Amino acid sequence: MENKRILLCLAHMSGNEMKFIEEAFEHNWVVPLGPNVNGFEADLETFVNDVHCQSESSGTDVASGSDAACTKLDKKVVALSAGTAAVHLALIACGVKPGDEVMVQSFTFCASSNPVRYCGAVPVFVDSERESWNMDPALLEDAIKDRIAKTGHKPRAIIPVALYGMPYNIAAIMEVAERYDIPVIEDAAEGFGSRFDGRVLGTFGRYGVLSFNGNKMITTSGGGALICPDDEAKNKIMWYATQARESYPYYQHEEIGYNYRMSNICAGIGRGQMTIVDEHIAHHRHVQDMYRRLLADIDGIRLHEAPSPLYESNYWLCTITLDPGLRIKGQDKAYAEVVTGAVGGAAGVTHTAESAHTALEPNANVEALRVWLNERGIESRPLWKPMHTQPVYKDSPAYVNGVSESLFRVGMCLPAGPWVSDKDLMHIADAIRQAIVR
């Protein structure tokens, strides 16, 4: 899925994207800085600072700045090499040191928690609420209280995640964070363009993380960004991202820095992608609408939806859950063979599994449906396996309520990218119907 997205984006690159890339080569700006980086950051700042709000008089949606009740934003953005780099630098900027604890949503990809370990800190995992599938604010507060009681120190940061583009309950999370004076780092890597109560995700907390990996809402082939509160914070992040070089005519380093800046070439792709970002978001929401109609009459299949109008998801990925009693053709052969390579568009080298099973895995009907769809040329994948159940984090504290584990057993992701047509969606829905044992 990811490789196909990159190839299609490059093959159908708009004239604007090619223009920015050609300018970079023409002026020999092919390094991790340059006009495209500056321009991409400016485009992103315009995008994230745009606030929609409800007019108190008419109840209609109005543009930013036209209503006194709208919050005017002036966030700054730094373009980086990856969303993971953005998480890492945000943690450093929040003062996270070895031995500190950071509250992290468990139901997510490892890029949300691995940077905590880069800092020598300890991730403390918090389970999800049933409605949004994201960090449970009540459980978060219980966990903070317990960590203070056990360690004598409050956590250094809180990282909620916009799982599959669905907003987290940021109003409740910020209320908890402010009560204990803990900075929030919003991981909106999957939620670019998603909003909560009219405001772009990543603009509520102290820092906000974006990703432009090949499978995200827009791509720079690889890359990310960090939303910062002000110019001072932006300059500090840029300094860390460019090896923390001091202002001497030679290389002087007084702190450890990182090579995390985005290249001028990648930023050129991003500038072109920003001209069509609204179209991409609209298409993903259209795909969700189509799945809603096409799957409505299939018993045992439920499409995950936004809990309320406050949650404006970009529907980066459309997700379903299968009733445990639903029978799928080939279910008796699920997990019969050990997987020997990457599944679901995963890139890079994988280790061959020693067993077909782990302690926590999707139900047999979920795996059977994944295989059934794959045999018909349709990529799907399980939901993220909760971090608190990952062997690498077996010693990390976790506050769980069973929600993420139960969803992992019954859930899966369906195709939702810009290449997915209405015809494709009808084919996917028909394949799901055909897979069910009547």
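Attention here is on the structure that accompanies the text. (Residues numbered from 1 in each chain as written. Predicted model: local features only at pLDDT ≥ 70, side-chain atom pairs only at ≥ 80, totals over all residues. Heavy atoms only, no water.)

### Describing the overall build of the chain
Next up, step 1: Along the chain, the regular secondary structure elements total 13 helices and 17 strands.
Next up, step 2: In the chain, which comprises 438 residues, the share counted as buried stands at 55%.
Next up, step 3: Summarising the internal contacts of the chain: among those between residues at least 6 apart in sequence, 72% fall at separations of at least 24.
Next up, step 4: Surface accessibility of the chain: about 19200 Å² in total, with carbon and sulfur atoms responsible for 51%. (Helix = DSSP H or I, 4+ residues; strand = E, 2+ residues; numbered from the N terminus. Buried < 20%, exposed > 50% of the residue type's maximum accessible area, 1.4 Å probe, protein only. Contact = heavy atoms within 4.5 Å. Areas by Shrake-Rupley, 256 points an atom, 1.4 Å probe, with all protein chains shown as cover.)

### Overview of the pattern of salt bridges
Next up, step 1: Across all of its chains, the model carries 19 salt bridges by this definition.
Next up, step 2: The partner of Arg261 in a salt bridge is Glu41, with the nearest N and O atoms 2.7 Å apart. One end of the pair, Arg261, is in the loop between α8 (231-241) and α9 (264-274); the other, Glu41, is in helix α3 (residues 35-48), and 220 residues separate them in sequence. As far as burial versus exposure is concerned, Arg261 and Glu41 are alike and both buried.
Next up, step 3: Note that Arg376 is salt-bridged to Glu375, the shortest N-O span being 3.6 Å.
Next up, step 4: What makes Arg376 partly exposed here is its relative accessible area of 33%.
Next up, step 5: A relative accessible area of 58% places Glu375 in the exposed class.
Next up, step 6: Several salt bridges share partner residues, and in doing so they unite Glu41, Glu45, Lys234 and Arg261 into one network. (Salt bridge = Lys/Arg side-chain N within 4 Å of Asp/Glu carboxyl O.)

### Quick word on the environment of Asp100
Next up, step 1: For Asp100, the location among the structural elements is in the loop between α4 (83-93) and β4 (101-105).
Next up, step 2: When sequence neighbours within four positions are dropped, the list of residues in contact with Asp100 reads Gly95, Ala121, Val122 and Arg156.

### Here we look at the sheet that holds strand β15 (residues 381-382)
Next up, step 1: Taken in spatial order, the four strands of this open sheet run β12-β14-β17-β15, and their pairing is antiparallel. Edge positions in the open sheet fall to β12 (301-303) and β15, since each of these has one partner strand only.
Next up, step 2: The strands touched by helix α12 (residues 403-410) are β14 (318-322), β15 and β17 (411-414); relative to β17, the strand with the most contacts, the crossing angle is about 60 degrees. (Pairing = 2+ DSSP bridges. Axes fitted to C-alpha atoms, helices over the stretch in contact; angles between N-to-C directions.)

### Structural notes on the pairing of β14
Next up, step 1: Here β14 lies mainly inside the structure; five of its five residues are buried.
Next up, step 2: Side chains of β14 alternate between two faces, with Cys318, Ile320 and Leu322 and Thr319 and Thr321 buried alike.
Next up, step 3: The pairing of β12 with β14 spans three bridges and is antiparallel. Each bridged residue has a counterpart across the sheet, and for Arg302 the counterpart in β14 is Thr321.
Next up, step 4: Pairing analysis gives four bridges linking β14 to β17, with the strands arranged antiparallel. Paired with Thr321 across the bridge in β17 is Gly411.

### Focus on the packing of helix α10 (residues 277-295) against helix α13 (residues 422-435)
Axis angle and axis distance: for two packed helices, these are the angle between their axes and the distance between the axes, and together they describe the pair.
Next up, step 1: Between α10 and α13, the shortest axis-to-axis distance is 10 Å and the interhelical angle comes to 35 degrees. Between α10 and α13 lies a crossing whose hand is right-handed. In contact with His286, Val287, Met290, Tyr291, Leu294 and Leu295 of α10, α13 contributes Asp422, Leu425, Met426, Ile428, Ala429, Ile432 and Arg433.
Next up, step 2: Counted by class, the contact of α10 with α13 contains 10 nonpolar, one polar and two charged residues. (Left-handed = near helix turned anticlockwise from the far one by under 90°. Nonpolar A, V, L, I, M, F, W, Y, C, P; charged D, E, K, R; others polar.)

### Describing helix α6 (residues 137-151)
Next up, step 1: Counted at 1.5 Å a residue, the expected span for α6 with its 15 residues is 21 Å, and the 21 Å between its end C-alpha atoms agrees.
Next up, step 2: Along α6, the residues that are buried comprise Pro137, Leu139, Leu140, Glu141, Ala143, Ile144 and Arg147.
Next up, step 3: Looking at the buried side of α6, the elements it contacts are β4, β5 (122-126), β6 (157-159), α7 (170-180) and β16 (398-399).
Next up, step 4: Two or three places before Ala138, at the start of α6, stands the capping residue Asp136, its side-chain oxygen 3.0 Å from that residue's backbone nitrogen. (Expected span 1.5 Å × (residues − 1). Polar contact = N/O pair within 3.5 Å; in protein donor to acceptor, adjacent residues only side chain to side chain.)

### Digging into the side chain of Glu367
Next up, step 1: Residue position: Glu367 is located in helix α11 (residues 364-375).
Next up, step 2: Look at Glu367 and you get buried, because its relative accessible area is 10%.
Next up, step 3: A polar atom in the side chain of Glu367 sits 2.8 Å from the side chain of Arg370.
Next up, step 4: Not counting residues up to four positions away in its chain, the partners in contact with Glu367 are Ala334 and Tyr335.

### Quick notes on the packing of aromatic side chains
Next up, step 1: Tallying each qualifying case throughout the model produces 13 aromatic pairs.
Next up, step 2: Considering the side-chain rings of Phe192 and Phe212, the 5.7 Å spacing of their centres and the 85 degrees angle between planes classify their relative orientation as edge-to-face. Of this pair, Phe192 sits in the loop between β7 (185-187) and β8 (195-196) while Phe212 is found in the loop between β10 (207-211) and β11 (224-228), placing the two residues 20 residues apart along the sequence. A single burial state applies to Phe192 and to Phe212, both of which are buried.
Next up, step 3: With centroids separated by 5.5 Å and ring planes inclined at 25 degrees, the aromatic side chains of Tyr248 and Tyr250 adopt a geometry described as stacked.
Next up, step 4: An aromatic cluster is built from Phe40, Phe47, Phe192 and Phe212, whose rings are joined through pairwise contacts.
Next up, step 5: The ring of Phe204 has Arg199 lying over it, and the distance from NZ or CZ to the ring centre is 4.5 Å. (Phe/Tyr/Trp six-rings, centres within 6.5 Å; stacked < 30°, edge-to-face > 60°. Lys NZ or Arg CZ within 6 Å of the ring centre and 35° of its normal.)

### Digging into the nonpolar core
Next up, step 1: Grouped together as the largest cluster of nonpolar side chains are 89 residues, with contacts concentrated most on Ile158 and Phe192.
Next up, step 2: Here this core gets seven residues from one element, more than from any other, and that element is α10.
Next up, step 3: Excluding residues within four positions of it along the chain, Ile158 makes contact with Met103, Met135, Leu140, Ile144, Ile173, Ala177, Ile182, Pro183, Val184 and Ile185.
Next up, step 4: Within the second largest apolar cluster, 34 residues are counted, among which are Val78, Ala85, Cys94 and Val116. (Core = buried A, V, L, I, M, F, W, Y, C linked by side-chain atoms within 4.5 Å.)

### Observations regarding the packing of α11 against α13
Next up, step 1: Two numbers describe how α11 lies on α13: the axes approach to 10 Å, and their chain directions differ by 130 degrees. With respect to each other, α11 and α13 are oriented oblique. For the pair α11 and α13, the sense of crossing is right-handed. Two secondary-structure elements touch here, α11 through Leu369, Trp372 and Leu373 and α13 through Ala431, Ile432, Gln434 and Ala435.
Next up, step 2: Tallied by class, the residues present in the contact of α11 with α13 amount to six nonpolar, one polar and no charged. (Parallel < 35°, antiparallel > 145°, perpendicular 65-115°, else oblique.)

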